[in-house]
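Per-entry structural report
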2 protein chains.
Amino acid sequence: MEKTPKAYIAANKDIFLNDLFDKLRIPSISSQSEHKPDMERMALHWRDYLLQSGMQKAEVFPTAGNPIVYAERIIDPKAKTILIYGHYDVMPVEPLELWKSAPFEPEVREGHIWARGADDDKGQTMIQVLGFKTALALGWVKCNVKIIFEGEEEIGSTHLEQFCKEHKEMLQADVIIVSDTGMVGHDTPTITAGLRGLAYWEVEVTGPNHDLHSGHYGGAVANPINELCKLIASIVDDKGRITVPGFYDDVVPLTKEERDMIAQIPFDEEEYKKQLNIQAVHGEEGYHTLERNSCRPSFDVCGIWGGYMGEGSKTILPSKAYAKLSSRLVANQDHEKISKLVAEHLTRIAPPYIKIKVTPLHGGQAYLCPLDLDAYRAAEAAYEKAFGKRPLAVRSGGSIPIISTFERVLGLKSVLMGFGLPTNAIHSPNENFPLDIFWKGIETVAEFYNCYK
Amino acid sequence: MEKTPKAYIAANKDIFLNDLFDKLRIPSISSQSEHKPDMERMALHWRDYLLQSGMQKAEVFPTAGNPIVYAERIIDPKAKTILIYGHYDVMPVEPLELWKSAPFEPEVREGHIWARGADDDKGQTMIQVLGFKTALALGWVKCNVKIIFEGEEEIGSTHLEQFCKEHKEMLQADVIIVSDTGMVGHDTPTITAGLRGLAYWEVEVTGPNHDLHSGHYGGAVANPINELCKLIASIVDDKGRITVPGFYDDVVPLTKEERDMIAQIPFDEEEYKKQLNIQAVHGEEGYHTLERNSCRPSFDVCGIWGGYMGEGSKTILPSKAYAKLSSRLVANQDHEKISKLVAEHLTRIAPPYIKIKVTPLHGGQAYLCPLDLDAYRAAEAAYEKAFGKRPLAVRSGGSIPIISTFERVLGLKSVLMGFGLPTNAIHSPNENFPLDIFWKGIETVAEFYNCYK
């Protein structure tokens, strides 16, 4: 047999698919308590499968929630170690009537694998495991490999942070490898190199101590909704810049290399506008939409309420107004610092005729993977071999909390080797994964072991 | 007997009070359908009482709602005619447990009459009727007198406008006299000389066609809440002036005489702030609180909503944002013109990356009584005789829709001879009316007939 990943994969397609289908058949829905036994079953299945797949050791760790599967293959304590993260839980499947085939009866149809979890994250974790198996068969695995699969990713990874803290030694590695993200398109291999962070506040503005008759008081007493609107309006200037002093202090400017890479991402602005039914895009002056939504901070009001919200008219000058404010943050901005900056700014600029209370609700650090990281370079080379194209390093505008948890708790960077496509319908009916990308993904992972030295 | 109103009233106190109590005992609550028979009873009672009180003719007119009582005493078709407006319906009495005496069992206690309707408007309509009776006894009634009492004031005067339209001839008069407003204080006789008008809009701002993930879109797509806040914030400038072009075009400036009169109104700013629990008052630069809340237009957001309003945080860039906006208008501003101006302005300044829909919901004209009107001057002189003080002409910041309806449909100005005090607890438990003001009110009305030539 020819010693290439492609050949090995071709020779094992049926086995590989069967192995994936075994996992897709278990309805491991973490958010529905009736599936609790399926979570256990899934974890045990993984343990056994990983032991059969070249791991020397595999164990199921109970947590206060769903169990965590850990496995390892230590070939040389002095060699480099990668820690592969994935999750075995899936999203609910409702509405069932929209599925063309049963969500937990996987099948191949029109060149795609159809099932809940086909992509997120059973398909992608199998790409990692099968890539490892392939590399192992080819004698390419020169590093230690650790695996951690959790069962609560879709419900907030509730017990993962504690587990990491309690098993720091066991989880020690040089880098974390994650396949739970996407590619920008079928022919555009992609490594997600950045994630935005988040700061989130609830603001309460109080005017008079009770709702007033707008006739008897209107014009003479400050209206908390009017004032809240003014405060919110003042946070972003005409150029789309956030006006809070110090807000941009720690933002690392986009490099020319990054901007060039972003410029290569296929983007059809007309189609984008059409999809959202908007007449124009809007954001910070001097940046492209794909930069604004991933590499630059944002300031969005996620919710607002106050006064009369019913039918018709009620003429009041309300006592209270509320808003949920959020900022997506970028690499190097500390969410706690920003949270404090914005809260203090709002409190400072609030006029004396209202009271303001700013409550930070939630936060998360941004993430940025250095493009000169060994593992990143190995991943880049691996994608290029499998896809025939250098992958783009793109930043995602969203947040994956576990990635910043890993950085904070374990001190480790992650390389996000995602293979999902925007059309894979994750979290939706008819989740699927294109077969050709599945094979190429396995090949990429196998090549990674050959490139990671 | 001495021929003064005071003496006549003193001689008839018991009868007058008994006559009032007869009315206060009827639970004519217009908003509660179980009181429908009481509305009929109340109207018939008034008809009979007015016939006994010097009216030549009194009639109950059915409407699609509660009946309207009309009465008249025509002494000379060439003489001047006044039309007295009042209402015989009252507000509900809940919560009953807070009343110190039963709401429909009137009693005199600590120098006050206690009952639902003691002020609003049975007490005040009786001041008119008893004042007329007194003047009649003194031979002072030189004008024709018409009376219209409706039974739906507390539920929006639903059928009054149609009635006015259908009975224009019958209701012809020189002026309307209304006792349904207040005095600024016990020792400060007051005539309400102005009412603010109203324009009211609902605004809907649409961004993307569905709620978006604030991570994937935040910063790149306009947020309808942020944009709505900007629009609202832009409507009032730093000096508290409304920025809509043309908004102030028709506003009649306050005269020195009016400002001097307003300066005489007792006003304790510290107490005002304490009552509302605010640190500072706020409004248009260059105007006093009592001018801002009555003689100048206002712009208040009565309600706002959009996006996520639940507990905790949800990171969305919402599709929609809504607000209820209102402006109190002042004399000479046409509510339909302003309604159009503001709607067009908002539509014009809305940026291209959002859609805006402005729906006018509601409106009413402001009212201003010329201080040189014969009837106003007569009322002023009458108050001065009874109270020993020239009454202040004050404008109220609220609206009384029927007053502008009368002006529009019948072409008549109204003189608002109110005698209520802020402590009378109208619409609340323990509604009351001070006896001394009741007698002085009757005296004032009697004097009015002597002064109105």
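Calculation criteria
- Residues numbered from 1 in each chain as written.
- Chains lettered and ligands numbered in written order.
- Predicted model: local features only at pLDDT ≥ 70, side-chain atom pairs only at ≥ 80, totals over all residues.
- Heavy atoms only, no water.
- Helix = DSSP H or I, 4+ residues; strand = E, 2+ residues; numbered from the N terminus.
- Rg over C-alpha atoms; globule rule 2.2 N^0.38 Å.
- Buried < 20%, exposed > 50% of the residue type's maximum accessible area, 1.4 Å probe, protein only.
- Contact = heavy atoms within 4.5 Å.
- Areas by Shrake-Rupley, 256 points an atom, 1.4 Å probe, with all protein chains shown as cover.
- Lys, Arg positive; Asp, Glu negative; His and termini not counted.
- Charge placed at Lys NZ, Arg CZ, Asp CG, Glu CD.
- Pairing = 2+ DSSP bridges.
- Axes fitted to C-alpha atoms, helices over the stretch in contact; angles between N-to-C directions.
- Buried area = accessible area lost by both parts, 1.4 Å probe.
- Salt bridge = Lys/Arg side-chain N within 4 Å of Asp/Glu carboxyl O.
- Polar contact = N/O pair within 3.5 Å; in protein donor to acceptor, adjacent residues only side chain to side chain.
- Phe/Tyr/Trp six-rings, centres within 6.5 Å; stacked < 30°, edge-to-face > 60°.
- Lys NZ or Arg CZ within 6 Å of the ring centre and 35° of its normal.
- UniProt positions renumbered as here; feature names shortened; annotations may be inferred.
- Least-squares fit on C-alpha atoms with pLDDT ≥ 70 in both.
- Parallel < 35°, antiparallel > 145°, perpendicular 65-115°, else oblique.
- Left-handed = near helix turned anticlockwise from the far one by under 90°.
- Nonpolar A, V, L, I, M, F, W, Y, C, P; charged D, E, K, R; others polar.

Here we take up the overall build of chain A. The number of helices and strands found in chain A is 13 helices and 18 strands. Against the compact-globule benchmark of 22 Å for 453 residues, chain A has a radius of gyration of 25 Å, which places it among compact chains. In terms of principal-axis extent, the alpha carbons of chain A reach across some 90 × 50 × 45 Å. Burial status across chain A gives 61% buried among its 453 residues. Contacts spanning at least 24 positions in sequence make up 79% of the contacts within chain A whose residues lie at least 6 apart. When the accessible surface of chain A is totalled, it reaches about 17,600 Å², and 50% of it is carbon and sulfur. Here chain A carries 49 positive and 62 negative side-chain charges, and the mean point of each set is 3 Å from the other.

In this section: the pairing of strand β2 (residues 68-73) of chain A. When a strand is regular, its side chains alternate between the sheet's two faces. Residues and elements named next belong to chain A. Counting buried positions over the six residues of β2 gives five, a clear majority of the element. Connecting strand β1 (residues 57-61) to the antiparallel partner β2 that follows it, the hairpin turn spans six residues. Sheet topology places β2 next to strand β6 (residues 144-150); five bridges connect them, and they run antiparallel. Residue R73 lies in a different strand from β6, and its bridge partner there is V145.

This next bit is on the sheet that holds strand β9 (residues 197-206) of chain B. Pairing is antiparallel in the open sheet, where eight strands are placed in the order β14(A)-β9(A)-β13(A)-β11(A)-β11(B)-β13(B)-β9(B)-β14(B). Two strands bound the open sheet, and with one partner strand each, they are β14 (355-364) of chain A together with β14 (355-364) of chain B. Here the strands of the sheet are splayed against their neighbours by 20° on average, with no regard to which way each runs. Sheet topology note: the strand β11 (residues 298-307) of chain A/strand β13 (residues 320-329) of chain A ladder contains eight bridges and is antiparallel. The partner of G306(A) across the bridge, within β13(A), is A321(A). Each of β9 (197-206), β11, β13 and β14 of chain A together with β11 (300-307) of chain B touches helix α6 (residues 224-235) of chain A; the most contacted strand, β13(A), lies at about 15° to it.

In many analyses, interface size is given as the accessible surface area lost on bringing the parts together. Across the boundary between the two partners, chain A contributes 72 residues, which contact 72 residues of chain B. Across the interface of chain A and chain B, roughly 5,600 Å² is buried in total on both sides, 54% from carbon and sulfur atoms. Of all residues in chain A, L276(A), H282(A) and I304(A) bury the most surface against chain B, accounting for 11% of the area lost on that side. Applying the counting rule to chain A against chain B returns zero salt bridges.

The next subject is the environment of H362(B). Within the secondary structure, H362(B) is located in strand β14. On a C-alpha basis, the gap between H362(B) and A199(B) in space is 6.1 Å, while along the polypeptide they are 163 residues apart. In this structure H362(B) touches S313(A), L198(B), A199(B) and Y200(B), once residues within four positions along its chain are discounted. A polar contact is formed between the side chain of H362(B) and the side chain of S313(A), at a distance of 3.2 Å.

On to the packing of aromatic side chains, then. Taken as a whole, this structure holds 33 aromatic pairs over all chains when the rule is applied. Measuring from centroid to centroid gives 5.8 Å for F448(B) and Y449(B), while their planes differ by 80°, and the two rings are edge-to-face. By relative accessible area, which is 1% here, Y449(B) ends up buried. R109(A) extends its terminal NZ or CZ atom over the ring of W114(A), reaching a point 4.5 Å from the ring centre. Here the basic side chain of K23(B) rests over the ring of Y49(B), its NZ or CZ set 3.5 Å away from the ring centre.

This part takes up the UniProt feature "domain: Peptidase M20 dimerisation" (unreviewed entry) in chain A. Under the present numbering, the feature "domain: Peptidase M20 dimerisation" (unreviewed entry) in UniProt falls on residues 194-353 of chain A. The span residues 194-353 of chain A shows a helical share of 32% and a strand share of 22%, and its end C-alpha atoms are spaced 43 Å apart.

A word on the relation of the copies chain A and chain B. The two chain copies are related to each other by a rotation about an axis together with a translation along it. After a rotation of 180° and a shift along the axis of 0.0 Å, chain A superposes on chain B with an RMSD of 0.0 Å. On the angle and the small slide along the axis, the relation comes out as a two-fold axis. Interface overlap between copies: 100% of the residues of chain A at the interface are likewise at the interface in chain B, consistent with a symmetric, same-surface contact.

This brings us to the side chain of K23(A). All names here are of chain A. Turning to its location among the elements, K23 is positioned in helix α1 (residues 5-24). The side chain of K23 sits in the buried core without any salt bridge; D22 is the nearest counter-charge, 5.2 Å away. In contact with K23, not counting residues within four places along its chain, are M42, H45, W46, Y49, K122 and M126.

For the rest of this paragraph, the subject is unusual backbone geometry. The peptide bond linking D120(A) to D121(A) adopts the cis configuration, its omega dihedral lying at 0°. Residue P95(B) is bonded to the preceding E94(B) through a cis peptide linkage, with omega at 0°. The topology assignment puts P95(B) in the loop between β3 (81-87) and β4 (107-109). With a phi close to 55°, N277(A) is a non-glycine residue in the positive phi region. Checked against the element boundaries, N277(A) lands in the loop between α8 (269-276) and α9 (289-292). A positive phi angle, near 50°, is found at E110(B), a position not held by glycine. Tracing the sequence through the fold places E110(B) in the loop between β4 and β5 (112-114). Classification of E110(B) as exposed rests on a relative accessible area of 67%.

In this section: the packing of α6(A) against helix α10 (residues 335-349) of chain A. Residue and element names in this part refer to chain A. The N-to-C vectors of α6 and α10 enclose an angle of 130°; their axes lie 11 Å apart at closest approach. When the interaxial angle is binned, α6 and α10 end up oblique. Where α6 crosses over α10, the two elements pack in a sense that is right-handed. Here α6 contributes L231, S234 and I235 to the contact with α10, which in turn contributes H345, L346 and I349. In the contact of α6 with α10, the residues fall into four nonpolar, two polar and no charged.

The subject of this paragraph is the side chain of Q333(B). Residues and elements named next belong to chain B. Take Q333: it is sitting in the loop between β13 (320-329) and α10 (335-349). Separated by 2.9 Å, the side chain of Q333 and the backbone nitrogen of V330 make a polar contact. Aside from chain neighbours lying at most four places away, what touches Q333 is F247, D250, V251, P297, I338 and Q365.

Below, the discussion takes up the sheet that holds strand β5 (residues 112-114) of chain A. Whether parallel or antiparallel, the strands of a sheet pair through hydrogen bonds between backbone atoms. All names here are of chain A. If you walk across this open sheet you meet the three strands as β4-β5-β18, and the pairing is antiparallel. The two strands at the open ends of the sheet, each matched to only one other strand, are β4 (107-109) and β18 (432-434). Pairs of neighbouring strands in the sheet enclose a mean axial angle of 30°, with direction left out of account. The pairing of β4 with β5 spans three bridges and is antiparallel. Its bridge partner being in β5, E107 is matched across the sheet by W114. On top of the sheet, α1 reaches β4 and β5; it is set at about 25° to β5, its chief contact.

Before going further, it helps to spend a moment on the pattern of salt bridges. Per the counting criterion, the structure on display carries 52 salt bridges over all chains. In this structure, K413(A) and E407(A) form a salt bridge, with 2.7 Å as the shortest nitrogen-oxygen distance. The partner of D48(B) in a salt bridge is R47(B), with the nearest N and O atoms 3.1 Å apart. Since its relative accessible area comes to 33%, D48(B) is described here as partly exposed. Each of E161(A), K165(A) and R408(A) takes part in a single network of salt bridges with overlapping partners.

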